[in-house]
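Secondary and tertiary structure notes
Take a look at the letters that make up each chain.
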Amino acid sequence: MHRAHTAFSLALSPMAHKNFATWLLNSSSSQKLVKATAAAAVRTYNSAAAEPFANGSTATYVEEMYNSWLRDPSSVHTSWDAYFRSNTYVSPPNLAPVQANTMPLSAFNFGSAVGAAPDSKTIDDHLAVQAIIRSYQSRGHLASDLDPLGILTREKTVCKDGLARRANEDVLRQHSGFLFGEQDMERQFKLPSTTFIGGDEASLPLKEILNRLENVYCNKIGVEFMFINSLEQCNWIRKRFETPGVLSFTPEEKRLILARLTRATGFEAFLAKKYSSEKRFGLEGCEIMIPALKEIIDVSTELGVESVIMGMPHRGRLNTLANVCRKPLNQIFTQFAGLEAADDGSGDVKYHLGTYIERLNRVTNKNIRLAVVANPSHLEAVDPVVQGKTRAEQFYRGDQEGKKVMSILIHGDAAFCGQGVVYETMHLSDLPDYTTHGTIHVVANNQIGFTTDPRFSRSSPYCTDVARVVNAPIFHVNADDPEAVMHVCKVAAEWRATFHKDCVIDLVGYRRNGHNEIDEPMFTQPLMYQKIRKHKNCLDLYADKLIAEGTVTAEEVKSVAAKYENICEEAFALAKTETHVKYKDWLDSPWSGFFEGKDPLKVAPTGVKEETLIHIGNRFSSPPPNAAEFVIHKGLMRVLAARKAMVDDKMADWALGEAMAFGSLLKEGIHVRLSGQDVERGTFSHRHHVLHHQLVDKATYNSLQHMYPDQAPYSVSNSSLSEYAVLGFEHGYSMTNPNALVLWEAQFGDFSNTAQSIIDQFIASGQSKWVRQSGLVMLLPHGMEGMGPEHSSCRVERFLQMSSDDPDYFPPESDEFAIRQLHDINWIVANCTTPANYYHILRRQIAMPFRKPLILCTPKSLLRHPEAKSPFSEMSEGSEFLRIIPDRGPAGENPSSVKKVVFCTGRVYYDLTKARADKQLEKDIAIVRVEQVSPFPFDLVKEQANLYKNAELVWTQEEHKNQGCWSYVQPRFLTALNHSRDVSQSDEQSTFSNTTTTTTTDNTNTNHESNVVDTDSDSEQKSKPWLSRMFASSNDKNDNDATATAISDFNAAKHFDLKNVRHDFNRPAGIAAAPGVRIAKTGRKISYVGRACGASTATGSKAQHIRELNALLNDAISI
């Protein structure tokens, strides 16, 4: 029936008549026109022709014909059979005699008789033309003129009409030989519905078809889009590039492009003139990227975008900050001066810094927010961070379709195809809980990576081929054609606004200098750089073009350049007056109002009313209310019943404690987002936040989203099987709003090592480098439980190694000791043993007046351990997080009789208590849990050591000696145990008192004990340089003297000045004892008990694991 209705619409449509008339008028045969005009002037054969064709009786007749044809094609006339088969009506032969003054339509020879089926050659010719059109659309980019240097430009092929075209066998394939003959070039061919090259014309001569296709697909733009599996999207792109006249620009638009290109080029030239020996990673060779970004922002702003978040590598960053974000130029120039910082932190090199700007877009006259996220040298690491920050901003704005907030990611060509995080980030683009509703990727394609040619750095034809996996269209464009670039950018912005999907702009340019400005590229690419040296820059080429066509004059070009240079000179003079750099000027994620009015050393209470805990527990343990038809798995019904029983007993296991932390924060208006692999259920099937209907697909219920009518939103999201991108995404999400608890959970703790770049470059050091705080929580399942090397350790030693607290410095003791430690540390590392402590440490993330990342070793077997439960009293009002949990048994009640104190952290505590009970040593051995490992609880360790004055002190861990916490806690235990009073601050050049002594450790005991030994006398120690003491044998005085003599000779050569050598290595530089005060030594030591050093985290043998664990417990629980 569809085809029958189509017949009416095609036959009756005025447009159909118009198209036919247009085609007829454009026909090359004047004889046809004469005959057609004569035919139009005479009367028709049949008076019935004057009647409306699509009357009711006719419609019924056609429908009957169609139904008959469906039943038996041979039951209808051959003309109807042909129409219903091909959707092309062919009239039946007319047997009526030709009347006077009339002529049959078949007399007009339009290549085949009207009313007769076309011959096979006509069909083949039209099919060939359609195949050629599709070839251009699919593969025209292979022959496009993309390389400004001409190195990769393909030779043109001379066609049968004598014209040279770029399309070759790579494009046309089997159709390359079927370009007809010269006589066919003027033949008219009907254009298919899959092309827009005709504009309003339904057919074109073959020669014109080829010329238009060549101009669209084999010119300065190469479009890859035919792999997209949506006809609507493909047609949308065809229309934007094929419609005649789409590349026309007004004189005003051309002048704007020239002005922006002048600023981009002038900025690089100014820096090259003023800072010729400085690294700045300039944009020379791809300066058009700056006008391109501004065009994307202009079009997007016009389409409703209010905030743009950008991530980019170092190349072109300063230019982007200056000319896209409009960062004050004097602040950029100040970064070259090498001034001291006015605020805390290590800072970063200028081409890694970010910024946040709110300004008026002068083109659209709308306000726009621009943020460039700070990025380390790890190329592409910022990609998921930008996506997470964008998603968060969309969430807080209620922008569910991404119409107000968008992201732009700028890439280098070698990094885009070489870095796996690009692929991981791409695969987040269409996931419901991670999509940003379309990202525009801009590749600054230098056609080289550092010193590596593309043919050695990728296996794909293009550096952008990774985008094909998510059906993102790819627009390659010659960076020396500014107007082509602007058109591509406009299409990209409109694509994103229309379909909310990713797209890629490949700016094919070059790199005029080496990898940086002081690098010599001729060493490795001599031929390329010979061409570059002779090649005019894009600004000169475009200015010459506009001058030649009369759009601007040479004087106007010079005037625009001189005006911008004056602006730079004024900013340069202002920068010279600066005395300090301010890291806060480069903050990319400001938290407006968060720090104002808060006591920086006051933590809000983390306990809540017991009624709140009971309410959350009851909701969490209940099926959907008023939904009796919601079928829950029988196993989960038992889980819910067990939770309800615990709530009735006012006890909480791990899952319930976590739910109470989340629920109480949601009640207080704090958004909670939990993300990671399988987090909805939990790797170990303990969480079950999302209940699934057993009979209805996609029917789910999340009780934490329905705790209170006015609660904050709760999001729990199963992620893709990625750590690098997803952890970066959640870190970016946490940067946006401090009043949210953002958690990422690894499937197993050690899987986080595939995200090491995010951990090292962003989470551990972000605040120090970029003054950027984050409260991100990393949940890392950890524990030696016989699951093999890869499912045991979260490698906590790596996180502890990156903790910034000094092992030799005991902070001044005060009521604010704990909060000051948290304020000064770069992150928090903890291994909790109770649900209550887990609950409190999660809530403390929001209760603190600042934000710090939390690295949390989470349990596996403890999730269901009968002893790993907490009463509600430990979570209610008046309770708090315990950095250390002392022994609460007989040993703690009678400390004077205790013979050994075992310090530990994590799940091994429960193994130790069982072994102690089995040996009935509860009164003789105390077990103390260090719940917060970093910052180290010096004060509480000291307190526990003083409590058990006569006991042996040991540290026990389930990890190997060279792993786990031992290397971190050992020097800190010594500082805590041998500290008698605070040491005073003094100048770094102060000499140390002769009365000062130190403590060191000697790890030579075969039982893994570390003995504390005294150093040499004060006078001898002061006389020895530090190299002498480092390498000398403590048992050989002659060797010491010889070493000292050698060092003295070394000094004589004036390589080092060792006159005032610091000899107290148990305190940091700049810390000296108060004059006349001797630092007392207690003589106490801390010994290690546990597994020996090992290369692997754990054994793959369950039997061996049990054997090692039993040996550990026997050593620890012995007197």
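See the structure above.
Described in the following lines is the structure provided in the data block. Computed from a predicted structure; not experimentally measured. (Residues numbered from 1 in each chain as written. Predicted model: local features only at pLDDT ≥ 70, side-chain atom pairs only at ≥ 80, totals over all residues. Heavy atoms only, no water.)

**Some remarks on the overall build of the protein chain**
From N to C terminus, the protein chain includes 38 helices and 32 strands. Considering the protein chain as a whole, with its 1119 residues, one finds that 54% of them fall into the buried category. Residue pairs in contact within the protein chain that sit at least 24 positions apart in sequence constitute 80% of those at least 6 positions apart. Element-wise, carbon and sulfur atoms account for 52% of the exposed surface of the protein chain, whose accessible area totals about 49400 Å². (Helix = DSSP H or I, 4+ residues; strand = E, 2+ residues; numbered from the N terminus. Buried < 20%, exposed > 50% of the residue type's maximum accessible area, 1.4 Å probe, protein only. Contact = heavy atoms within 4.5 Å. Areas by Shrake-Rupley, 256 points an atom, 1.4 Å probe, with all protein chains shown as cover.)

**Observations concerning the nonpolar core**
Among the nonpolar cores identified, the biggest contains 174 residues, and Phe-333 and Ile-505 are the most heavily contacted of them. It is helix H18 (residues 482-499) that provides the largest number of residues to this core, a total of ten residues. Ignoring any residue separated from it by four or fewer positions in sequence, one finds Ile-505 in contact with Ile-296, Ile-440, His-441, Val-442, Val-443, Phe-475, Val-477, Val-488, Cys-489 and Ala-492. Ranked by size, the runner-up nonpolar core spans 53 residues in total, among them Leu-601, Val-608, Val-690 and Ala-712. (Core = buried A, V, L, I, M, F, W, Y, C linked by side-chain atoms within 4.5 Å.)

**Concerning the sheet that holds strand S24 (residues 900-904)**
Strand order in the open sheet formed by five strands is S23-S25-S24-S27-S32, and the pairing between neighbours is mixed. Of all strands in the sheet, those bounded by a partner on one side alone are strand S23 (884-885) and strand S32 (1087-1091). Strand contacts of helix H34 (residues 966-977): S24, strand S27 (952-960) and S32, with the helix running at about 165° to S27, the strand carrying the most contacts. (Pairing = 2+ DSSP bridges. Axes fitted to C-alpha atoms, helices over the stretch in contact; angles between N-to-C directions.)

**Section: the packing of helix H24 (residues 654-667) against helix H30 (residues 835-847)**
Relative to each other, H24 and H30 sit at 25°, their axes nearing to 8 Å. Classified by the angle between their axes, H24 and H30 sit roughly parallel to one another. As H24 packs across H30, the resulting crossing turns out to be right-handed. Contacts between H24 and H30 pair Trp-654, Gly-657, Glu-658, Met-660, Ala-661, Phe-662, Ser-664 and Leu-665 from the former with Pro-835, Tyr-838, Tyr-839, Leu-842, Arg-843 and Ile-846 from the latter. Across the contact of H24 with H30, the residue classes break down as ten nonpolar, two polar and two charged. (Parallel < 35°, antiparallel > 145°, perpendicular 65-115°, else oblique. Left-handed = near helix turned anticlockwise from the far one by under 90°. Nonpolar A, V, L, I, M, F, W, Y, C, P; charged D, E, K, R; others polar.)

**Structural notes on the packing of aromatic side chains**
This structure, assessed with the given rule, holds 31 aromatic pairs. For the ring pair Tyr-275 and Phe-336, a centre distance of 4.1 Å and an interplane angle of 10° mean the geometry is stacked. A residue pair is termed long-range when its members are at least 10 positions apart, and Tyr-275 in the loop between helix H10 (251-274) and helix H11 (289-302) and Phe-336 in the loop between helix H13 (329-334) and strand S7 (355-361) qualify at 61 residues. The burial state of Tyr-275 is the same as that of Phe-336; both residues are buried. Residues Phe-748 and Phe-751 carry aromatic rings whose centres are separated by 5.6 Å and whose planes lie at 65° to one another, so their mutual orientation is edge-to-face. What links up through ring pairs into an aromatic cluster is the set Phe-810, Phe-817, Phe-903, Phe-936, Phe-938, Trp-955 and Phe-973. Against the face of Tyr-708 rests Lys-667, its NZ or CZ located 5.6 Å from the ring centre. (Phe/Tyr/Trp six-rings, centres within 6.5 Å; stacked < 30°, edge-to-face > 60°. Lys NZ or Arg CZ within 6 Å of the ring centre and 35° of its normal.)

**Quick word on unusual backbone geometry**
Between Ser-934 and Pro-935 the backbone carries a cis peptide bond, its omega angle lying at 0°. By the element assignment, Pro-935 lies in the loop between strand S26 (932-934) and helix H33 (938-947). Despite not being glycine, Asn-365 has its phi angle at roughly 60°, a positive value. Take Asn-365: it is sitting in the loop between S7 and strand S8 (366-372). Within the chain, His-437 stands out as a residue other than glycine whose phi angle is a positive 60°. Here His-437 is to be found in the loop between helix H16 (420-426) and strand S10 (439-445). Residue class for His-437 comes out buried when judged on its relative accessible area of 16%.

**What to know about the state of the cysteines**
One pass over the structure, following the stated rule, counts zero disulfides. The closest cysteine sulfur to the non-disulfide-bonded Cys-489 is located on Cys-503, 9.3 Å from its own sulfur. Under the relative-accessibility criterion, Cys-489 is labelled buried at 1%. (Disulfide = S-S within 2.5 Å.)

**Observations regarding the pattern of salt bridges**
Under the definition given, this model contains 41 salt bridges. Note that Arg-212 and Glu-201 form a salt bridge whose closest N and O atoms lie 3.5 Å from each other. Here the residue Arg-212 occupies a position in helix H8 (residues 206-217), and Glu-201 occupies one in the loop between strand S3 (188-190) and strand S4 (203-205), the gap between them amounting to eleven residues. The network of salt bridges with shared partners includes Lys-254, Glu-483, Lys-545 and Glu-549. (Salt bridge = Lys/Arg side-chain N within 4 Å of Asp/Glu carboxyl O.)

**Some words on the side chain of Asp-125**
As for its placement among the helices and strands, Asp-125 is situated in helix H6 (residues 120-139). In terms of polar contacts, Asp-125 uses its side chain to reach the side chain of Lys-121, at 2.8 Å. (Polar contact = N/O pair within 3.5 Å; in protein donor to acceptor, adjacent residues only side chain to side chain.)

**Topic: the environment of Met-426**
Counting through the fold element by element, Met-426 comes out in helix H16. On the basis of relative accessible area, Met-426 is assigned to the buried category, the value being 1%. Taking the C-alpha atoms as reference points, Met-426 and Ala-472, 46 residues apart in sequence, are found 9.5 Å from one another. In this structure Met-426 touches Phe-416, His-441, Ala-467, Val-470, Asp-502 and Val-504, once residues within four positions along its chain are discounted.

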